[in-house]
Amino acid sequence: MIVAYIASRTTPPADQCTGGQHDDRRRDRRGRARQADHAGAGRRSRLPSGLDPLTVAPGLGLFSVIVCRYDVCDIDFYTEATVGIAVKEVRHGSLPPVDLLAALGTDQLYSYVLSLPVNTEIAQVRGHDGYGFPKWVTDIDVDIDERHTKARVANDDGGTDIDLYAATPKQKRVPSGSSVSTLTSYTELNDGWHQTLSQTNNLVFGNVLLPKDVRLTLGSGRLSDDIRSLRPKRPLRLDVFTPCQNALHIPVPVSFPTR
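Residues numbered from 1 in each chain as written. Predicted model: local features only at pLDDT ≥ 70, side-chain atom pairs only at ≥ 80, totals over all residues. Heavy atoms only, no water.

Chemist: Tell me about the overall build of the protein, and please be specific about residues and values.
Modeler: For the protein, the helix and strand inventory stands at three helices and 18 strands. Scored against the burial criterion, the 259 residues of the protein give a buried share of 58%. Relative to all contacts within the protein whose residues are 6 or more apart in sequence, the contacts with residues 24 or more apart total 77%. Surface accessibility of the protein: about 11300 Å² in total, with carbon and sulfur atoms responsible for 50%. (Helix = DSSP H or I, 4+ residues; strand = E, 2+ residues; numbered from the N terminus. Buried < 20%, exposed > 50% of the residue type's maximum accessible area, 1.4 Å probe, protein only. Contact = heavy atoms within 4.5 Å. Areas by Shrake-Rupley, 256 points an atom, 1.4 Å probe, with all protein chains shown as cover.)

Now the structure itself:
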């Protein structure tokens, strides 16, 4: 599941900044959901120099909450959750509305990851040490079916960090390879900046703009702190995939423009 939010601040204090990267493995995702939000005034303080937030209007940016359940993959079953700020492609000079329409229309997005907890040690080691993603281990429950999409991420004390609920959008099945979305993440690894490409082969999916049946409950923990720091306004788009296939590529070096 992926929920994209409008936020009034996509740049929390610089001393809170973290980076991360994905695993270079092909995986089958039984369920994935995303939600997007708007963010505003403090956007740039959360981002490293060289990255610009993707904006929907002056002072309003986007971030996403993503929850995944990998039922089949090369390192056994695991679940994960992600909070990331939507950014422009490095060295991209188009006007913000053009960037936003192009990104949403083609499902080619760019992100700076703030938090990426997983529920197994091997997933944490591979993602953190091999790709630089800000991963840690905690309990994560993800349940996605044709009616409801639910996820809960625990904090260090076993309480609730975040709890996410959404009515699953109507799902449609498409031929394999006919709907492939991409997400490029910028992260710091081995004292240098890298970009990691994630490609998702969407097999059965549904989405809705300005969703009403989405409930995000913030508790206490690293994810909820990150989300609060972005000052979310409202959900912009909800995507749910049941199932899909994902391939994460090896991170490659990237240079940021000098400011």
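Chemist: Can you tell me about the packing of aromatic side chains, naming the residues and giving the values?
Modeler: Under the counting rule described, the total for this entry stands at five aromatic pairs. For the ring pair Tyr70 and Tyr78, a centre distance of 4.6 Å and an interplane angle of 40 degrees mean the geometry is tilted. We classify Tyr70 as buried; its relative accessible area is 0%. The class for Tyr78 is buried, based on a relative accessible area of 0%. Residues Phe205 and Phe241 carry aromatic rings whose centres are separated by 6.4 Å and whose planes lie at 40 degrees to one another, so their mutual orientation is tilted. Taken together, the residues span a long stretch of sequence, with Phe205 in strand S14 (residues 204-209) and Phe241 in strand S16 (residues 232-241) at a distance of 36 residues. Arg222 extends its terminal NZ or CZ atom over the ring of Trp136, reaching a point 3.5 Å from the ring centre. (Phe/Tyr/Trp six-rings, centres within 6.5 Å; stacked < 30°, edge-to-face > 60°. Lys NZ or Arg CZ within 6 Å of the ring centre and 35° of its normal.)

Chemist: Which residues make up the environment of Gly127, and what values do they have?
Modeler: Tracing the sequence through the fold places Gly127 in helix H2 (residues 121-131). For Gly127, a relative accessible area of 0% corresponds to the buried category. Sequence separation between Gly127 and Leu116 is 11 residues, and the spatial gap between their C-alpha atoms is 9.1 Å.

Chemist: Can you tell me about the pattern of salt bridges, naming the residues and giving the values?
Modeler: Here the structure, examined in full by the defined rule, presents four salt bridges. For the salt bridge of Asp239 with Arg237, the shortest nitrogen-to-oxygen distance reads 2.9 Å. Comparing Asp239 with Arg237 shows no difference in burial state: the two are buried. (Salt bridge = Lys/Arg side-chain N within 4 Å of Asp/Glu carboxyl O.)

Chemist: Would you mind going over the sheet that holds strand S10 (residues 160-167) in detail, with residue names and values included?
Modeler: Pairing between sheet strands relies on hydrogen bonds along the backbone, with the strands arranged either parallel or antiparallel. Across the sheet, four strands lie side by side as S8-S9-S10-S15; this open sheet has antiparallel pairing. One side of each edge strand has no neighbouring strand; the edge strands of this open sheet are strand S8 (140-144) and strand S15 (214-218). Ignoring which end each strand starts from, the neighbouring axes of this sheet average 5 degrees apart. Pairing geometry for S10 and S15, over five bridges, is antiparallel. In the sheet register, Tyr165 faces S15, and the bridge partner there is Arg215. (Pairing = 2+ DSSP bridges. Axes fitted to C-alpha atoms, helices over the stretch in contact; angles between N-to-C directions.)

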